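Below, each chain spelled out in residue letters.
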Amino acid sequence: MEFKSQDSTAFDDMLAFVKQHPDFEKLEISYEPTLSLSGLEINLSRRRVINNGQEIELTVKEYDILCLLAANKGRVLTYEQIYDKVWGEISAGNEKDTVGFHIRNLRKKLCDTNSHFSIDSVREIGYRFNSQ
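Residues numbered from 1 in each chain as written. Predicted model: local features only at pLDDT ≥ 70, side-chain atom pairs only at ≥ 80, totals over all residues. Heavy atoms only, no water.

J.: Is there a simple way to think about the environment of Ile119 in this case?
T.: Note on placement: Ile119 falls in strand S6 (residues 117-122). On the basis of relative accessible area, Ile119 is assigned to the buried category, the value being 4%. With 53 residues separating them in the primary sequence, Ile119 and Leu66 have C-alpha atoms 9.1 Å apart. Those residues within four positions of Ile119 in sequence are excluded, and the remaining contacts are Leu69, Ile103, Leu106, Arg107, Cys111, Tyr127, Arg128 and Phe129. (Helix = DSSP H or I, 4+ residues; strand = E, 2+ residues; numbered from the N terminus. Buried < 20%, exposed > 50% of the residue type's maximum accessible area, 1.4 Å probe, protein only. Contact = heavy atoms within 4.5 Å.)

In structure tokens:
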């Protein structure tokens, strides 16, 4: 609420009312950041993934990769970029196999015939998250 100087008595009256009623509850709507893409919802504060109404259990790395790809929807991310962001370290040359292993698991868990999104391979470069 916004009050102007001429509204000070109204504000004082409201405060007095609230003080007289200690059982008066303070209700707030909390903001929970969520990525929502074509049947896929990623609740960032709770680390929950809902695909077509069903909660999907992901490992920490799978979840982090999914968030990274979904946040960069449509953009190609290289194996090195994914590895650097998710593992937090400079790649040592085996990032393609490591990232590929987790992408395969993500696809098994998320990408079925009812999905309106896909994790596409870009040959010799990396991956891209697409949604219809």
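J.: Sorry if this is basic, but what is going on with the sheet that holds strand S1 (residues 34-37) here?
T.: Sheet strands pair via backbone hydrogen bonds, and the direction of the pair is either parallel or antiparallel. An order of S1-S2-S3-S4 is seen for the 4 strands of this open sheet, with the pairing classed as antiparallel. The open sheet has two edge strands, S1 and strand S4 (54-56), and neither has a second partner. When strand polarity is set aside, the average angle formed by the axes of neighbouring strands in this sheet is 20 degrees. In this sheet, strand S3 (residues 48-51) lies alongside strand S2 (residues 40-43) in antiparallel orientation, the contact comprising 4 bridges. Bridging across to S3, Leu40 finds its partner in Asn51. Across the sheet, helix H2 (residues 60-71) touches S1, S2 and S3, and the angle it forms with S2 is around 115 degrees. (Pairing = 2+ DSSP bridges. Axes fitted to C-alpha atoms, helices over the stretch in contact; angles between N-to-C directions.)

J.: Where do I start with the environment of Tyr127 in this structure?
T.: Structurally, Tyr127 is set in strand S7 (residues 126-131). Counting along the chain gives 45 residues from Tyr127 to Ile82, while the straight-line C-alpha distance between them is 8.8 Å.

J.: What's the story with the nonpolar core in this structure? I'm lost.
T.: What tends to happen in soluble globular proteins is that the nonpolar side chains get buried as a cluster. In this structure, Val49, Leu66, Leu69 and Ile82 are the most contacted members of the largest nonpolar core, which totals 27 residues. Leaving out residues up to four positions away in the same chain, Leu66 has contacts with Leu40, Ile42, Val49, Leu58, Leu106, Leu110 and Phe129. (Core = buried A, V, L, I, M, F, W, Y, C linked by side-chain atoms within 4.5 Å.)

J.: How should the environment of Cys67 be read in this particular structure?
T.: In this structure, Cys67 sits in helix H2. Taking C-alpha positions, Cys67 is 9.8 Å from Asn43, a pair spaced 24 residues apart along the chain. Every residue in contact with Cys67, bar those within four places of it in the chain, is listed here: Leu35, Ile42 and Leu44.

What is shown is where atoms sit, not what they do.
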